[in-house]
Amino acid sequence: MTSRLPADVSSAAPTPAFAMSPAAAATSSVSRPSPPRTQPPDPHPRRPRTACPPGAIDCHVHLFGPAAQHPFHPDSRYVSDDALPETNIALQDTLGLAGAVVVSGGGYGRSTTHLAQVLEAHPDRFKGVALLPDDISDQALERLDALGVVGARFVSPGHRGDLPRLPSPMVGRVADLGWHIQYYPSGTDLLEHADALEALNMVVVLDHFAAVPARGGVDQPAMHRLLQLLDTGRFWVKLSGPMRCIDGDYPYDPVTPIAQALIAAAPERLVWGTDWPHVNMNGRGMPNDGDLFDLLATWAPDAAVRKRILVDNPRALYGAFGKGVTTA
């Protein structure tokens, strides 16, 4: 089996660690059932009712494609239609956003080829958070850093697949670059891993409300532990993907008390994201991204607090970037 990666990948990236080898792809794809194709996002995002402050950033999106150049990893639990940077930029413009943070999902495994190409092509609209291969070279890390990657993503044992786990020697390597750790818990397993995360003694960003089950409410042990982590001053939480911590459909009402408790506790260390294009939503209602933006006004009725979450906090965490932003 020959590689389906684009012919110029080896010249675009300074190290083979940016892509899965053809031999590995051939070995891992034998006799595997095809994963489900995830339903696409709403193709007609509406303009939000809530005013978006200038410079706002969507801090959690995934991008895919073109499929002919970037095949999904054989171990991915899903495949997706193309979710191209140009389509996301159009979504940003509809919502009034200036930029977005591209987070490596499981679709491409630990390959950083696609992420690197997106950041190279659109440096003014995207920053990145990567799922890194264990054997990535220092040269490749430095290239990602130069392209705008600012964090390394790890997942808890509750998520399947060959994805980065903690503990990992990678933590020290990315700390030397000034990156943060992004961590995706599963269910209530934040309780099991909170001590180890705290012991990292570096900035940790928790995905999707730290995956705290919304139906458990604000008095559940996982929520109490999350608030303790926020009290350390080193932990951040993404107000993103409310559908990831609830089994219902929009407007995800049980998430509101969780969001409001987090905003009351640490508005200076919260960021917001759409989680576009909302993979793994088969059998569920697909939300409109304009509606998802308006949810933030329900969680944070104060416009000054929303500006902090949408504009100020992303710049503190990721650096200044986005449409209309000039940097020295």
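First things first, this report covers the structure right here in the doc.

What counts as what
- Residues numbered from 1 in each chain as written.
- Predicted model: local features only at pLDDT ≥ 70, side-chain atom pairs only at ≥ 80, totals over all residues.
- Heavy atoms only, no water.
- Buried < 20%, exposed > 50% of the residue type's maximum accessible area, 1.4 Å probe, protein only.
- Helix = DSSP H or I, 4+ residues; strand = E, 2+ residues; numbered from the N terminus.
- Arc of directions from axis to C-beta.
- Contact = heavy atoms within 4.5 Å.
- Phe/Tyr/Trp six-rings, centres within 6.5 Å; stacked < 30°, edge-to-face > 60°.

1. A word on helix α7 (residues 190-199)
Step number 1: Of all the residues in α7, the buried ones are L190, H193, A194 and L197. The buried residues of α7 occupy an angular sector of 135° when the element is viewed end-on, so they sit on one face. Across from the buried face of α7, at angles greater than 90 degrees, the exposed residues are E192, D195, A196 and A199.
Step number 2: For α7, the secondary structure elements touched by its buried residues are β5 (180-184), β6 (204-206), α8 (221-231) and β7 (235-240).

2. Here we look at the packing of aromatic side chains
Step number 1: All chains considered together, the criterion is met by eight aromatic pairs.
Step number 2: With centroids separated by 6.0 Å and ring planes inclined at 75°, the aromatic side chains of F64 and Y78 adopt a geometry described as edge-to-face. With F64 in the loop between β1 (57-61) and α3 (85-95) and Y78 in the loop between β1 and α3, this residue pair connects regions lying 14 residues apart in the sequence.
Step number 3: For F64, a relative accessible area of 2% gives the class buried.
Step number 4: Pairing W272 with F293 gives two aromatic rings, centres 5.3 Å apart and planes at 85°, and the pair type is edge-to-face. One end of the pair, W272, is in strand β8 (residues 270-273); the other, F293, is in helix α10 (residues 289-299), with 21 residues separating them in the sequence.

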